[in-house]
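# Summary of the model geometry
Chain by chain, the residues:
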Amino acid sequence: MAKDPGRVLIFDTTLRDGEQSPGASLNLEEKLAIAQQLARLGVDVIEAGFPFASQGDFAAVQRIAEQVGGEEGPIICGLARASGPDIKACAKAIEAAPRKRIHTFIATSDIHLEHKLKKSRKEVLEIVPEMVKYARSFVDDVEFSCEDAARSDPEFLYEVIELAISAGAGTINIPDTVGYITPSEFGELISGIDKNVSNIDEAILSVHGHNDLGLAVANFLEAVKKGARQLECTINGIGERAGNAALEELVMSLHVRRRYFNPFFKREPDSPTPLTAIRTEEITKTSRLVSNLTGMVVQPNKAIVGANAFAHESGIHQDGVLKNRLTYEIVDAQTVGLADNRISLGKLSGRSAVRARLEELGYDLSREDLNEAFARFKDLADRKREITDRDLEAIVSEQVQQPEARFQLKLVQVSCGTALRPTATITLSDQDGKEETRASVGTGPVDAVCRALDSLADEPNELVEFSVKSVTEGIDAMGEVTIRLRRNGHLYSGHSADTDVVVAAAQAYVNALNRLVANENAQSIHPQRDLVEPAKRPSI
Ligand code: KIV
Ligand code: ZN
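Only a predicted model underlies this, so the values are computations on that prediction, with no experimental measurement involved.

### Some remarks on the overall build of the protein chain
- The number of helices and strands found in the protein chain is 18 helices and 16 strands.
- For 540 residues, the compact-globule estimate of 2.2 N^0.38 gives 24 Å, and the C-alpha radius of gyration of the protein chain, at 24 Å, lies within 12% of that figure.
- With respect to the three principal axes, the spread of C-alpha positions in the protein chain is 75 × 65 × 40 Å.
- Burial status across the protein chain gives 56% buried among its 540 residues.
- Counted over contacts in the protein chain with a minimum sequence separation of 6, partners at least 24 positions apart contribute 68%.

Right, here's the structure in full:
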């Protein structure tokens, strides 16, 4: 039997695999804000990034290792391909963390060996122990992954895993890299590893999976029944292609169906002890933060965190829920922190009230950040009668997008209507504070705003997504705008909220432009698609 910690460990890879999804790239401040929230959520491991990818990725993992976690907090983990320079850079990036892990991997399926790595099975069997030992020379906690395990020959997997454990890997991760396997097959694969790897009792079995067939969560739950005790997942299920297994769905399945899962942990069905260490009340806030900062909008019907997940539209359901919640509801909205969206503050609220409410919401801001948040709050309170928790969250999440800004939006003015050609006048300032103003006409006010911004910024791009939704209900609600721009095949997203959706659109566009100019020249390596090639190594 693989090592059993007595519960499921949650390994969050939002900042690594999640950030690999097109257009989801985050700046350092944003990564730090998400890592801090993941720590509040209570994840066991934060995979903070792939330090070898670029200087920016290295710096972000290093900052998270320095500032998030602590002796009691999550383990800070970095990803490294099974190559010396990758592992060395990873070790350096996570050095400051009191609890740290190197996660190294190599592909094991014949299809990857032949077409990607161009290596024989024999070569892989030599590389694995060498690289795991090398990683162990830096840290005690090493995880090893067999990329594309779900499509690998199980007999070869057993050999690889046995060598990795003998070399010192304490966690063995089994990825379904392409989201191909089905639940019973995955269960059999995990059972086979558990039975056929002679030293498996020295390691924790972990699973990682993508959602190409929509089966990732189901696959993981089957794996848990067969002895997997670490789940690698992302907030809102973001990740490459169809994404990764969604953290909130896994955690809430194990929470709501605890009676069913308890016996697989040798517990009585009625045992009330949670199966994960996640503070479920933090789930909604974490979901919103990740969605706001990555620009990956959550579909309304998404399980647990979608806008409709707890909405009871039909009359019959509403009646049933009013009589007894259990008729149509299996999760109490409060369990996931979807409280009654408290009206917390108003025009007359002072700085200390704003600070206190932000602290209650989990935002521990520096003095400057609080000053800025308070100024934005006052501005909003002049336009909106009641400020809710969601409004405050929208204000704060927008702030972390700003630090590396090349362009600052100074003025937005539009004229439009049935008898007018929509016209926008925009003033932008650059890093040196130099201001410039331009006016443009468009098919509508947002189009006019984007055209004026394009002519000022002179950064050619294609607008590929524009979405608006309201933060709260009511006529004076803030509108949240998400914009995605494409240039040279890369996507850049921007997000903003304001009571005026045209202003929100302008700010979101500026945020996306800032991301475009900041990231475009950043040379970055993809951990799975790029091979270990000396010529491509950036200097760390
Ligand atoms: O999907 C995958 O195989 C991965 C590995 C690097 C763990 O993300
Ligand atoms: Zn993955």
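### A closer look at the nonpolar core
- Within the largest apolar cluster, 119 residues are counted, with the highest numbers of intra-cluster contacts made by Phe144, Ile161, Ile172, Ile174 and Ile193.
- Top element by residues in this core is helix H7 (residues 154–166). It accounts for seven residues.
- Those residues in contact with Ile161, other than ones at most four positions away along the chain, are Cys146, Ile172, Ile174, Ile193, Val197 and Ile200.
- Within the second largest apolar cluster, 27 residues are counted, among which are Ala424, Leu456, Ala506 and Ala512.

### A closer look at a nonpolar patch on the surface
- On the surface, Leu463, Phe466, Val468 and Val501 cluster together to form a nonpolar patch covering roughly 300 Å² of accessible area.
- When residues in the nonpolar patch are grouped by element, the largest group, three residues, is from strand S14 (residues 462–470).

### Digging into helix H5 (residues 110–117)
- Burial in H5 covers these residues: His112, Leu113, Lys116 and Leu117. One side of H5 carries all its buried residues, which in axial view fall inside an arc of 110 degrees. Away from the buried face of H5 by more than 90 degrees, exposed residues Glu114 and His115 are located.
- Packing partners of the buried residues in H5 comprise strand S4 (100–107), helix H6 (121–136), strand S5 (142–147) and H7.
- Positive phi shows up at Lys118, right after H5, with a value of about 50 degrees.

### Concerning the side chain of Glu143
- Position of Glu143 among the secondary structure elements: in strand S5.
- Since its relative accessible area comes to 0%, Glu143 is described here as buried.
- In terms of polar contacts, Glu143 uses its side chain to reach the side chain of Arg101, at 2.8 Å.
- The contacts of Glu143, once residues within four sequence positions are left out, are Phe11, Arg101, Ile102, His103, Thr104, Thr171, Asn173, Ser206, Gln230 and Glu232.

### Focus: the coordination of the zinc ion (ligand 2)
- Each protein donor to the zinc ion (ligand 2) is listed here as Asp17 (OD), His208 (NE2) and His210 (NE2); together their distances run 2.0 to 2.1 Å.
- Mapped onto the sequence, the donors of the zinc ion (ligand 2) take the spacing D-x190-H-x1-H. Placement of Asp17 in helix H1 (residues 14–18) and of His208 in strand S7 (residues 204–209) is noted, with a sequence separation of 191 residues between them. When sorted by exposure, Asp17 lands in the same class as His208, which is buried.

### Description of the packing of aromatic side chains
- This model, assessed by the stated rule, comprises four aromatic pairs.
- Seen from their ring centres, Phe374 and Phe377 are 6.0 Å apart, and the 20 degrees between their planes marks the pair as stacked. Here Phe374 and its partner Phe377 are both found in helix H15 (residues 367–383), three residues apart, which amounts to about one turn of the helix. Neither residue differs from the other here; Phe374 and Phe377 are each classed as buried.

### Description of the packing of helix H2 (residues 28–41) against helix H12 (residues 283–294)
- Taken N-terminus to C-terminus, the directions of H2 and H12 make an angle of 165 degrees; their axes are 10 Å apart at the nearest point. The angle between the axes of H2 and H12 places the two elements in the roughly antiparallel class. Between H2 and H12 lies a crossing of left-handed hand. On H12, the residues that touch Glu30, Ala33, Ile34, Gln37, Leu38, Arg40 and Leu41 of H2 are Ile283, Lys285, Thr286, Leu289, Val290 and Leu293.
- Here the contact of H2 with H12 is composed, by residue class, of eight nonpolar, two polar and three charged.

### Considering the domain arrangement of the protein chain
- You can read the domains of the protein chain as domain 1 (9–294), domain 2 (351–399) and domain 3 (408–520).
- If you look at the interface, domain 1 gives nine residues, while domain 3 gives eight residues.
- The junction of domain 1 with domain 3 conceals about 610 Å² of combined surface from both sides, 26% of it contributed by carbon and sulfur atoms.
- On inspection of domain 1 and its partner domain 3, the count reaches one salt bridge.
- One salt bridge connects Arg515 with Glu30, and the closest N-O pair in it is separated by 2.8 Å.
- For the side of domain 1 that touches domain 3, the element with the highest residue contribution is H12, accounting for three residues.
- Across the side of domain 1 that touches domain 3, the residue classes break down as three nonpolar, five polar and one charged.

### With respect to the site of ligand 1
- Every residue near ligand 1 is listed here: Arg16, Asp17, His103, Phe105, Ser145, Glu147, Pro175, Thr177, His208, His210 and Gln528.
- The separation between an oxygen atom of ligand 1 and a polar side-chain atom of Arg16 is 3.0 Å.
- Burial of ligand 1 by the protein amounts to 100% of the accessible area it has alone, namely 260 Å².
- For the shell around ligand 1, the secondary structure elements donating two or more residues are H1, S4 and S5.
- A class-by-class count of the residues in the shell around ligand 1 yields two nonpolar, six polar and three charged.

Reading the values: the criteria
Throughout this document, residue positions are counted from 1 along each chain, in the order its sequence is written. Following the order in which they are written, the chains are lettered starting with A and the ligands numbered starting with 1. Whole-chain, interface and lining totals are the exception, using all residues; otherwise, since this is a predicted model, local features are given only for residues with pLDDT of at least 70 and side-chain atom pairs are given and counted only at 80 or more. Hydrogens and water molecules were not included; the side-chain quantities draw on all heavy atoms of the structure. Working definition: helices are DSSP H or I runs of at least four residues, strands are E runs of at least two. Numbering for both runs from the N terminus. Note that the radius of gyration is over C-alpha atoms, with the globule rule given as 2.2 Å times the number of residues to the power 0.38. Three exposure classes are used, based on accessible area relative to the maximum for each residue type with a 1.4 Å probe and protein chains only: buried under 20%, partly exposed in between, and exposed over 50%. In what follows, a contact means two residues having at least one pair of non-hydrogen atoms within 4.5 Å. Definition of nonpolar core: a set of buried residues of the types Ala, Val, Leu, Ile, Met, Phe, Trp, Tyr and Cys, connected through side-chain atoms within 4.5 Å. What goes into a patch is any residue over 30% in relative accessible area without a salt bridge, connected to like charges within 9 Å or, for nonpolar side chains (Val, Leu, Ile, Met, Phe, Trp, Tyr), within 5 Å. The accessible surface values rely on the Shrake-Rupley method and a 1.4 Å probe; as for residues, cover is taken only from the protein chains in view. Here, a salt bridge means any Lys or Arg side-chain nitrogen found within 4 Å of an Asp or Glu carboxyl oxygen. It is the directions from the helix axis to the C-beta atoms that the arc portrays. In protein, a polar contact requires one atom able to donate a hydrogen and another able to accept it; more generally it is a pair of N or O atoms within 3.5 Å, and residues adjacent in sequence count only if both atoms are side-chain atoms. Water is absent from the atoms considered, so a metal site may look incomplete; donors are defined as N, O and S atoms within 2.8 Å of the metal, or 3.2 Å for Na, K and Ca. Note on aromatic pairs: the rings of Phe, Tyr and Trp (six-membered ring only in Trp) are paired at centre separations within 6.5 Å, and the planes decide the class, stacked below 30 degrees, edge-to-face beyond 60, tilted for the rest. Fitting a line to C-alpha atoms yields each axis, with helices limited to the stretch in contact; the angle taken between N-to-C directions then spans 0 to 180 degrees. Roughly parallel means an angle under 35 degrees; roughly antiparallel, over 145; roughly perpendicular, 65 to 115; everything else is oblique. Definitions for this section: a left-handed crossing has its near helix turned counterclockwise from the far helix by less than a right angle. A right-handed crossing has that turn clockwise. Nonpolar residues are Ala, Val, Leu, Ile, Met, Phe, Trp, Tyr, Cys and Pro. Charged residues are Asp, Glu, Lys and Arg, and all others, Gly as well, are polar. Delimitation of the domains relies on an automatic or database domain assignment. Accessible-area loss on putting two parts together, using a 1.4 Å probe and summing over both, is the definition of buried area adopted here. We define proximity as follows: a residue is near a molecule or strand when any one of its heavy atoms falls within 4 Å of that partner.

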